[in-house]
Amino acid sequence: MTQSRREFLKRTAALSAAAYVGVTLPFDEKGLVYAASETVWHRGSCRLCGVGCRVELGVKNGTPVALRGVPESRTNFGYVCMKGMHFWKVMNHADRLTTPLYRASKKDKFKPISWDEALDIAADKFATAVKEHGNDSVAYYGSGQALTEETYFFQKMFRGGLQTNNVEGNPRLCMASAVGGYLTSFGADEPIGGYADIEKADCIFIIGSNMAEAHPVVFRRVMRRKLDNPDVTVINADPRISLTSRIADIHLQFHPGTDLALLNAMAHVIVKEKLYDEAFLKDYVAIKKGKAVSIDFAEYEQFLEKYTPEYAAKIMGGKVTPDQIREVARRFATSKGTLSFWTMGLNQRKQGVWANNLVHNLHILTGQLLKEGADSLSLTGQPNACGGVREGGGLCHILPGHRLVAKEKLRNQVEEAWGIPKGRIPPKPGYHTMAMFTAVNEKKIKAMWVHCTSPVQSLPNCNLYNEGMAKDDCFMVCTDIFPTLTTELAANLILPTAFHFEKTGVYGCTERRSQITRKAIDPPKGAKPEVWIIREWGRKLAEKLNDPVIAQCIKPFEGLEEGYELPKAIWDEYSQKLTKGRDNDLRGASYEVLEQMYDGVQWPAPTEAFALTGGTVKKFVRGMDPMADSHGKDDKPYQFYGPAHPDQKLWLWQRPQADPEEIPDAEYPFYLSTGRIIDHWHTMSMTGRVKELLRANPYSYIEVNPADAKRMGIKPGDMVEITSRRGTNIMPAKVYEGPIEGMVFAYWHDQHPDRMINKVTKDAYDPGSKEPEFKICACRIKRVSGPKALKPYIV
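Criteria and cut-off values
- Residues numbered from 1 in each chain as written.
- Predicted model: local features only at pLDDT ≥ 70, side-chain atom pairs only at ≥ 80, totals over all residues.
- Heavy atoms only, no water.
- UniProt positions renumbered as here; feature names shortened; annotations may be inferred.
- Phe/Tyr/Trp six-rings, centres within 6.5 Å; stacked < 30°, edge-to-face > 60°.
- Lys NZ or Arg CZ within 6 Å of the ring centre and 35° of its normal.
- Domains from an automatic or database assignment.
- Contact = heavy atoms within 4.5 Å.
- Buried area = accessible area lost by both parts, 1.4 Å probe.
- Salt bridge = Lys/Arg side-chain N within 4 Å of Asp/Glu carboxyl O.
- Polar contact = N/O pair within 3.5 Å; in protein donor to acceptor, adjacent residues only side chain to side chain.
- Helix = DSSP H or I, 4+ residues; strand = E, 2+ residues; numbered from the N terminus.
- Nonpolar A, V, L, I, M, F, W, Y, C, P; charged D, E, K, R; others polar.
- Pairing = 2+ DSSP bridges.
- Axes fitted to C-alpha atoms, helices over the stretch in contact; angles between N-to-C directions.
- Parallel < 35°, antiparallel > 145°, perpendicular 65-115°, else oblique.
- Left-handed = near helix turned anticlockwise from the far one by under 90°.
- Buried < 20%, exposed > 50% of the residue type's maximum accessible area, 1.4 Å probe, protein only.

Naming follows an unreviewed UniProt entry, where the protein appears as Periplasmic nitrate reductase of Desulfocapsa sulfexigens. On record in UniProt, under Catalytic activity (unreviewed entry), the comment for the protein is "2 Fe(II)-[cytochrome] + nitrate + 2 H(+) = 2 Fe(III)-[cytochrome] + nitrite + H2O". The heading Function (unreviewed entry) in the UniProt record of the protein holds the text "Catalytic subunit of the periplasmic nitrate reductase complex NapAB. Receives electrons from NapB and catalyzes the reduction of nitrate to nitrite."

Structure follows, in structure tokens:
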């Protein structure tokens, strides 16, 4: 069936609206797939969350004209959300950066310069910082939106070339606690199963996640499972009633930060009623209360003794009943397959790793793992937080292939792969995110490269850190496609980059799945792919520091064409040399294989023949995971070969309830939490430039419970001041039965100084993962006026 482009676009707009309200329109999908037949379609991945939806960009005469889903993809089956449907519209936006811009002082105006001048300045500033202040005076701060090839190449240059582990990324702000939870519970990062479990699950437990807005295409699969199978139980545990809650059989609403008590109470019921899997515990599980301190089941049972449903219900604020907790625990334990989902509601917490452990505990206790429909699955926020940053070495303490910086043997493996001298990579991990920007404030970082992210807006308690970034003590390079609050406040040098589909590279999504996007169109004249920028900067840097090892870091990539050959060579080096024999073995996922697959490859995939089957659907299961066979220690069906647990067992953790860093008091009597809305992505630098998305939600507002609003004289649309110990916002009120009484909620995307909510949030962080507690702080609110006309603000 062929449609006119006009008809295709009309249907696309209708589908956008339908996606928002969760309705499936009766359109013939084949008609959509073959829409606009005069266009050429290029397959790739979506750019705007961690689900990994496969899409195709329609290009006509070198210009993008539309985007559609790939029906054959096992991630999204052809569906896309509103953001995904529209993101191609930013590609030819008039605000695209196309010329390097420079200012010596951050008080000056930018002036355009040539690429040669720009790269020379960047090399000179980093070389000077190293000569005058040492290797740890320079830093890289990257993104879960960068391609794996970019993150890998950047960290190679900083670790191997500049000899610093000051390599970080914004996934520290969203996923680090999930990493810590997987490593400490399962011995290996990233989930055991994946989305394929949704269609097999009989109980779906969603905690700390508004999937309906943050991961709408995966949520659609959950909805479909529930609609087709009404007996499937959906449980939603969250302090706020959201769009996700509407399909829940049971919604547990509680005071923020009390969910550790809930999870322990569920374990209490499971143990008391002997709903645990005794054989699974005996064969595969060790019980811990410290990394080196094991306990037996009796001691664990004793620990759980006080977490009666009555005790937990009281801690949680009294809105959840003890019987509800018992009912939830029984359904979790006794279903044929229980699948848990969570995101930032658990991760962005001072007890984020513990919260992750306690969800894993429930799966370990009940054996709700390693079988169809059962998994403990942390959803990822960004498209390549897993593939590029967690696997590619984009955090200060990890090297490529899930290697710890602190381990000499593992550093040596990387040095050998790169052909650089042993001992070149320093043994001490670098600054984590909050320490890195603290070091900027303290004038310890003299030159910093910020890639594809905007910390001026995205850091918690941002006013504190923006003071340091605004000063001339730290020379900052920003690589991006649009101006951001960070380029405007903190950059000395802005380098315009190619966007998605304007370059080639790999994203690794939530479920261990690596997928390639090939270059489909040229970037705007003047914008360059990052891998070219890194290589050219590295060559100049080697000259200025007279360092042959830096030259060695870029030597394998010299002379290669930047659109395909260069990223392919980088991917080949990473996948063939750095993942060989590691738990994320990607040797079979060559560019040639990835290009053949509709939906990429799930690792481990050590050979091309295995990768062509799609890879490993379930880790640790003999017959499904080739490494469960090659790394098995006995003849049991499950083999937990993860690098963090030398005993090759799952670890069940004793973790008590613990309060957030800041709880309401007489001066600041409300909880504040923040999150996403379906129309926008992070700092709105992209989605704020798509008129359909901006029109849907032009600015942020504060959700206030009706009981609180009545008590404080706040009516819908009134302007409300939100104040914490760190800052103040003013935004309109949405009086809404969403947040629990005593709690307010705001979206975090808005760039306007009055509505930038991270001026208010708190920068306390988890001691294990170093992930900040964005989700909970104390604030006060007051009505300041009636409704006011507001305008959206995009820098």
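Draft legend 1. Structural view of the packing of aromatic side chains. For the structure shown, the criterion picks out 33 aromatic pairs. Between the aromatic rings of Phe303 and Tyr307, the centroid separation amounts to 5.6 Å while the plane-to-plane angle is 55 degrees, which identifies the pairing as tilted. Following the ring pairs from residue to residue traces out a cluster consisting of Phe126, Tyr140, Phe154, Phe158, Trp449 and Trp537. Geometry around Trp41 places Arg68 over its ring, the cationic atom sitting 3.7 Å from the centre.

Draft legend 2. Structural view of the domain arrangement of the protein. Looking at the assigned domains, one finds that the protein contains domain 1 (101–172 + 384–578), domain 2 (175–379 + 644–654) and domain 3 (670–787). Facing 26 residues of domain 2, the contacting portion of domain 3 comprises 24 residues. Between domain 2 and domain 3 lies a buried interface of about 2100 Å² when both sides are counted; carbon and sulfur atoms form 56% of it. On the domain 2 side of the interface with domain 3, the three residues burying the most area are Arg240, Gln348 and Lys350, jointly 32% of the side's total. Connecting domain 2 to domain 3 are 1 salt bridge. The salt bridge involving Glu703 is made with Arg240; its shortest N-O contact spans 2.8 Å. Counting across the interface, domain 2 meets domain 3 through 15 residue pairs in polar contact (both at pLDDT 80 or more). Sorting the residues of the side of domain 2 that touches domain 3 by element identifies helix H6 (176–186), helix H7 (211–214), helix H14 (344–347) and helix H15 (352–366) as the ones contributing at least two each. Residues belonging to the side of domain 2 that touches domain 3 are distributed by class as follows: 11 nonpolar, 10 polar and 5 charged.

Draft legend 3. Inspection of the UniProt feature "binding site: [4Fe-4S] cluster" (unreviewed entry) in the protein at higher detail. With numbering aligned to this structure, UniProt lists the feature "binding site: [4Fe-4S] cluster" (unreviewed entry) at Cys46, Cys49, Cys53 and Cys81. A compact arrangement is adopted by the annotated residues: their sequence extent is 36 residues, whereas the largest C-alpha distance between any two is 10.2 Å. Tracing the backbone shows Cys46 in the loop between strand E1 (40–45) and strand E2 (54–60). Position of Cys49 among the secondary structure elements: in the loop between E1 and E2. The contacts of Cys49, once residues within four sequence positions are left out, are Ala214, His215, Gly381, Gln382, Pro383, Arg676 and Trp681.

Draft legend 4. Examining the sheet that holds strand E27 (residues 728–735) more closely. Pairing is mixed in the closed barrel, where 6 strands are placed in the order E24-E28-E25-E27-E26-E29. Geometrically, the sheet is characterised by an average inter-axis angle of 45 degrees between neighbouring strands, direction not taken into account. The pairing of strand E26 (residues 719–723) with E27 spans 5 bridges and is classified as antiparallel. By the bridge assignment, Met719 is partnered in E27 with Pro732.

Draft legend 5. Representation of the packing of helix H9 (residues 259–272) against H15 in the model. Two elements in contact, H9 and H15, have axes whose closest approach is 9 Å; the angle formed by their N-to-C orientations is 15 degrees. One finds that H9 runs roughly parallel with respect to H15. In this structure, the crossing between H9 and H15 has a hand that is left-handed. The residues of H15 that touch H9, namely those facing Leu260, Leu263, Asn264, Met266, Ala267, Ile270 and Val271, are Trp354, Ala355, Leu358, Val359, Leu362, Leu365 and Thr366. Class assignment of the residues belonging to the contact of H9 with H15 gives a composition of 12 nonpolar, 2 polar and no charged.

Draft legend 6. Examining the sheet that holds strand E14 (residues 375–378) more closely. Taken together, the 5 strands give an open sheet; going across it, the order is E10-E9-E8-E13-E14, and neighbouring strands pair in parallel fashion. The open sheet has two edge strands with one neighbour each: strand E10 (250–252) and E14. On average, each strand axis in the sheet is inclined to that of its neighbour by 15 degrees, with strand direction left out of account. The pairing of strand E8 (residues 203–207) with strand E13 (residues 338–342) spans 4 bridges and is classified as parallel. Residue pairing in the sheet places Cys203 in a bridge with Thr338 of E13. Relative to the sheet, helix H13 (residues 322–334) contacts E8, strand E9 (233–237), E10 and E13, its axis offset from that of E10 by approximately 120 degrees.

Draft legend 7. How the structure looks around the side chain of His680. With respect to the helices, strands and loops of the structure, His680 is situated in the loop between strand E24 (670–675) and helix H28 (691–696). Residue classification places His680 among the buried positions, given a relative accessible area of 2%. Looking at His680, its side chain comes within polar contact range of the side chain of Thr687, at 3.0 Å. If we ignore the near neighbours within four places in the chain, the residues touching His680 are Lys83, Thr687, Gly688, Leu693, Leu694, Asn697 and His749.

Draft legend 8. Examining the pattern of salt bridges more closely. Overall, the coordinates contain 51 salt bridges when judged by the stated rule. With a shortest N-O distance of 2.9 Å, Asp95 and Arg689 are connected by a salt bridge. Of the two residues, Asp95 is situated in the loop between helix H3 (82–86) and strand E4 (101–102) and Arg689 in the loop between E24 and H28; the sequence distance between them amounts to 594 residues. Accessibility expressed as a relative area gives 33% for Asp95, which makes it partly exposed. Across the salt bridge formed by Glu558 and Arg539, the nearest N and O atoms sit 2.5 Å from each other. Pair noted here: Glu558 is in the loop between helix H23 (548–554) and helix H24 (565–578) and Arg539 is in helix H22 (residues 530–545), with a separation of 19 residues, a long-range link.

Draft legend 9. A look at the environment of Leu612. Within the fold, Leu612 resides in the loop between helix H26 (608–611) and helix H27 (626–630). With a relative accessible area of 39%, Leu612 lands in the partly exposed category. Sequence separation between Leu612 and Leu594 is 18 residues; the distance between their C-alpha atoms is 8.4 Å. Excluding anything up to four places from it in sequence, Leu612 contacts Val593, Gln596 and Met597.

Draft legend 10. Expanded view of the packing of H9 against helix H11 (residues 297–304). Look at H9 against H11: their axes get within 9 Å of each other, and the N-to-C directions meet at 125 degrees. Here H11 runs oblique to H9, going by the angle between their axes. Crossing of H9 against H11: the hand is left-handed. Contacts between H9 and H11 involve Asn264, Ala267, His268 and Val271 on the former and, on the latter, Phe297, Tyr300, Glu301, Phe303 and Leu304. Partitioned by chemical class, the residues of the contact of H9 with H11 number 6 nonpolar, 2 polar and 1 charged.

Draft legend 11. How the structure looks around the pairing of E2. Among the 7 residues that make up E2, 6 are buried, leaving the element largely enclosed by the rest of the structure. Pairing analysis gives 6 bridges linking E1 to E2, with the strands arranged antiparallel. Residue Trp41 lies in a different strand from E2, and its bridge partner there is Gly58. Two strands pair when backbone bridges link them, and E2 and strand E3 (residues 63–69) are joined in this way by 6 bridges, in the antiparallel orientation. The partner of Gly58 across the bridge, within E3, is Ala66. What sits between E2 and E3 in their antiparallel hairpin is a turn of 2 residues, with Asn61 showing a positive phi close to 55 degrees.

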